[in-house]
Amino acid sequence: PQGWLAQGRGSPRLVLVVVFVALLLDNMLLTVVVPIVPTFLYTTEYESANSSMAPAQPEPSPPALKAPPFSSLFSYFDNTTVTVAGSDSPLEVLNGTESSPHTEPPSSPPAPPRGCPEGDEFLTKENVRVGLLFASKALVQLLVNPSVGVLTNRIGYHIPMFIGFTIMFLSTLMFAFSGTYTLLLVARALQGVGSSFSSVAGLGMLASVYPDDFERGNAMGIALGGLALGVLIGAPFGSIMYEFVGKSSPFLVLAFLALLDGALQLCILQPSRISPESTKATPVSTLLRDPYILVAAGALCFSNMGVAMLEPTLPIWMMQTMCSPQWQLGMAFLPASISYLIGTNLFGILANKMGRWLCSMIGMAVVGVSLLCVPLAKNIYGLIGPNGGLGFAIGMVDSSMMPIMGYLVDLRHTSAYGTVYAIADVAFCMGFAIGPSTGGAIVRAIGFPWLMVIIGVTNLAYAPLCWCLRSPPAKEEKMAILSQECPMQTKSYTGEKPLREFPLTDDSDVEAENME
């Protein structure tokens, strides 16, 4: 086992497995709460408030006490004795063959259709609260990411990766046992800290162990497949477990899987070892002034903002317009998750052949069209096409932009990847921070369909900017390095040249050539 572990620690494939599992668990926890939180808050706050008010409602109707409970009347019409139960109660015939007509009580307000939740106004206000809850994770991650990028350049990727696992495990347990909105908000924010450590360190580690651009693109596609699988499993898994087992059950399962991931990291990554980057990283401020990195980051931000706006608002819109049961609220995201899984794995390879800039431009256009089609759905089956197209297109953008970020650093800056993937994660988090927080407020102000129009048109307008990434120029000093000897061809040296003895003579160069 020790020999296997020693060999495994030097294997890029096992590093890929560790990053895959970490992204899988992070995104399962990210999406498992999507169908749970709206229905949990509705159950605990709206229904409990109404049930506590229910006993007070019968009190203002004392007139029934003024009449005697039962009074007898003799009818001279058909010689029968009739019992009257109160002044407003129906009449019952005790002796005789006929029944007198029943007097119906005053009609109550019409009940909502079966399966539709009451409290339309509460659900509309809940859009904002649920949006803030979902956005808190991304907001915290947004603040923590730059410092994690600097930390990875100084101490390496192994220790931050393990710190991320520890915080994610604590956050998962807190989700399982939180019963109020405030505790859920704290757990979600804590998840943002852990996710920042895991994602920045994981993607930077992959970029460092796969120096070749083509291999790196394939590895990033597989790692993003873990992200997609987490999104795929999370929402349906959460909705089914919540309805049939209970609120704590999905989080306890995730906590157990997180423990397995921690054991895997202990075996493979050696998180006690400090291994700083061999080259000095480019400062964050310099990378943020690079227009090509900003275009790539913007594509990541706006494409993911669409699905980020859907997460808090689509379940509530389905509850209001489709009267959907709890299990359907998570299943609505299943087409997007499956197509995202296909898109990231397919275009991790194809994007390098067709051009990553073209792949991301087409992806952003499809994202815009899909979002415009979402409000046209009349039931859950009408969401299959738009959500499927949305997931596939976001998979195209993500699998193209993540390798481009590493390529841009190689081409235009120093090859230290912690900082640039911190920027990529910041862009991703900005989408998931701005999306839910503003989405809930926009839905409350102008409605869900107009929200989809706004974000759909934004993606369509941004798509042409991806053309700028078609052939980004290298920096002057990088061009000088690439143009030495034979341009655009790389050499690999397997061993060191033998040292030449001093003093050098006139024949030393001839001897060196003969030795080669």
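Cut-off values and rules
Residues numbered from 1 in each chain as written. Predicted model: local features only at pLDDT ≥ 70, side-chain atom pairs only at ≥ 80, totals over all residues. Heavy atoms only, no water. UniProt positions renumbered as here; feature names shortened; annotations may be inferred. Helix = DSSP H or I, 4+ residues; strand = E, 2+ residues; numbered from the N terminus. Buried < 20%, exposed > 50% of the residue type's maximum accessible area, 1.4 Å probe, protein only. Contact = heavy atoms within 4.5 Å. Areas by Shrake-Rupley, 256 points an atom, 1.4 Å probe, with all protein chains shown as cover. Phe/Tyr/Trp six-rings, centres within 6.5 Å; stacked < 30°, edge-to-face > 60°. Core = buried A, V, L, I, M, F, W, Y, C linked by side-chain atoms within 4.5 Å. Axes fitted to C-alpha atoms, helices over the stretch in contact; angles between N-to-C directions. Left-handed = near helix turned anticlockwise from the far one by under 90°. Nonpolar A, V, L, I, M, F, W, Y, C, P; charged D, E, K, R; others polar. Parallel < 35°, antiparallel > 145°, perpendicular 65-115°, else oblique. Expected span 1.5 Å × (residues − 1). Bend = angle between axes of the 7 residues up to and from the residue. Salt bridge = Lys/Arg side-chain N within 4 Å of Asp/Glu carboxyl O. pLDDT = per-residue confidence, 0-100. Patch = residues over 30% accessible without salt bridge, like charges linked within 9 Å, V, L, I, M, F, W, Y side chains within 5 Å. Disulfide = S-S within 2.5 Å. Polar contact = N/O pair within 3.5 Å; in protein donor to acceptor, adjacent residues only side chain to side chain.

In the nomenclature of an unreviewed UniProt entry, the chain corresponds to VMAT1 protein from the organism Sakesphorus luctuosus. The Subcellular location (unreviewed entry) comment attached to the chain in UniProt states, word for word, "Cytoplasmic vesicle, Secretory vesicle, Synaptic vesicle membrane". The record in UniProt for the chain states the following under Sequence similarities (unreviewed entry): "Belongs to the major facilitator superfamily. Vesicular transporter family."

For the rest of this paragraph, the subject is the overall build of the chain. From N to C terminus, the chain includes 19 helices and three strands. Within the span of the chain, comprising 516 residues, buried residues form 49% of the whole. The contacts of the chain with a sequence gap of at least 6 include a subset with a gap of at least 24, amounting to 82%. Taken as a whole, the chain presents about 25100 Å² of accessible surface, with 66% of it coming from carbon and sulfur.

The next thing to look at is the packing of aromatic side chains. On inspection of all chains with the given rule, the structure shows six aromatic pairs. Seen in terms of ring centroids, F165 and F169 are 6.5 Å apart; in terms of plane orientation they differ by 35°. Their pairing is tilted. Taken together, the residues F165 and F169, both in helix α6 (residues 158–177) and four residues apart, mark about one turn of the helix. Each of the two residues, F165 as well as F169, counts as buried. Connected via pairs of aromatic rings, a cluster forms that spans F162, F165 and F169.

This part covers the nonpolar core. Grouped burial of nonpolar side chains is what soluble globular proteins tend to show. Ranked by size, the top nonpolar core spans 109 residues in total, and within it L310, L314, M318, M405 and Y421 carry the most contacts. At 17 residues, helix α11 (residues 291–321) tops the list of elements feeding residues into this core. Not counting residues up to four positions away in its chain, the partners in contact with L314 are A332, F333, V374, L383, N387 and F448.

The next subject is the packing of α11 against helix α16 (residues 418–446). α16 packs onto α11 with a crossing angle of 35° between their chain directions and a minimal axis gap of 7 Å. As α11 runs across α16, the sense of the crossing is right-handed. In terms of residue class, the contact of α11 with α16 is built from 19 nonpolar, seven polar and one charged.

This part covers the packing of α6 against helix α9 (residues 248–268). Contact geometry for α6 and α9: axes closest at 8 Å, N-to-C directions at 165°. With respect to α9, the axis of α6 lies roughly antiparallel. In terms of crossing hand, the pair formed by α6 and α9 is left-handed. Residue-level inspection shows M161, F162, F165, F169, T172, L173, F175, A176 and F177 of α6 in contact with α9, the latter providing S248, F251, L252, L254, A255, A258, L259, D261, G262, Q265 and L266.

Okay, α16 next. Taking 1.5 Å of rise per residue, 29 residues should cover 42 Å, and α16 covers 41 Å from first to last C-alpha, within 8% of that figure. The largest bend in α16 comes to about 30°, at G439.

Here the structure, examined in full by the defined rule, presents one salt bridge. Taking the shortest distance from any N to any O, the salt bridge between D290 and R412 comes out at 2.8 Å. Of this pair, D290 sits in the loop between α10 (284–288) and α11 while R412 sits in helix α15 (residues 384–412), placing them 122 residues apart in sequence. In this structure D290 comes out as buried when scored by relative accessible area, which is 3%. The class for R412 is buried, based on a relative accessible area of 9%.

Along the chain, the position of L142 falls in helix α5 (residues 120–155). A relative accessible area of 24% places L142 in the partly exposed class. Along the backbone, L142 and C429 are 287 residues apart, and their C-alpha atoms lie at a distance of 5.8 Å. If we ignore the near neighbours within four places in the chain, the residues touching L142 are V426, C429 and M430.

Let us look at the environment of G389. Relative to the elements of secondary structure, G389 occurs in helix α15. For G389, a relative accessible area of 19% translates into the label buried. Residues G389 and Y340, 49 residues apart in the sequence, show an inter-C-alpha distance of 8.8 Å. Beyond its immediate sequence surroundings of up to four residues, G389 is in contact with V366 and S370.

The next subject is the confidence of the model for the chain. This prediction gives the chain a mean pLDDT of 75; 71% of its residues lie at or above 70. The low-confidence segment residues 84–114 (pLDDT under 50) makes 29 contacts with residues lying over four places distant or belonging to another chain. Across residues 481–504, confidence stays below pLDDT 50; counting only partners more than four residues off in sequence or on other chains, it has nine contacts.

Once that is clear, we can look at a nonpolar patch on the surface. Together, V369, L372, I446, W450, V453, I454, V457 and L460 line one region of the surface with nonpolar side chains, adding up to about 660 Å² of accessible area. Broken down by secondary-structure element, the contributors of at least two residues to the nonpolar patch are α14 (356–373) and α17 (448–462). For the nonpolar patch, the element with the most residues is α17, which contributes five residues. Within the secondary structure, V369 sits in helix α14.

Okay, the state of the cysteines next. If you walk through the whole model with that rule in mind, you get zero disulfides. No disulfide involves C359; its sulfur sits 9.7 Å from that of C466, the nearest cysteine. When its relative accessible area of 0% is taken as the criterion, C359 is described as buried.

Another point: the side chain of T31. With respect to the secondary-structure elements, T31 resides in helix α2 (residues 12–32). Using a relative accessible area of 4% as the deciding quantity, one classes T31 as buried. Of note is the side chain of T31, whose polar atom sits 2.9 Å from the backbone oxygen of N27. Of note is the side chain of T31, whose polar atom sits 3.4 Å from the backbone oxygen of G230.

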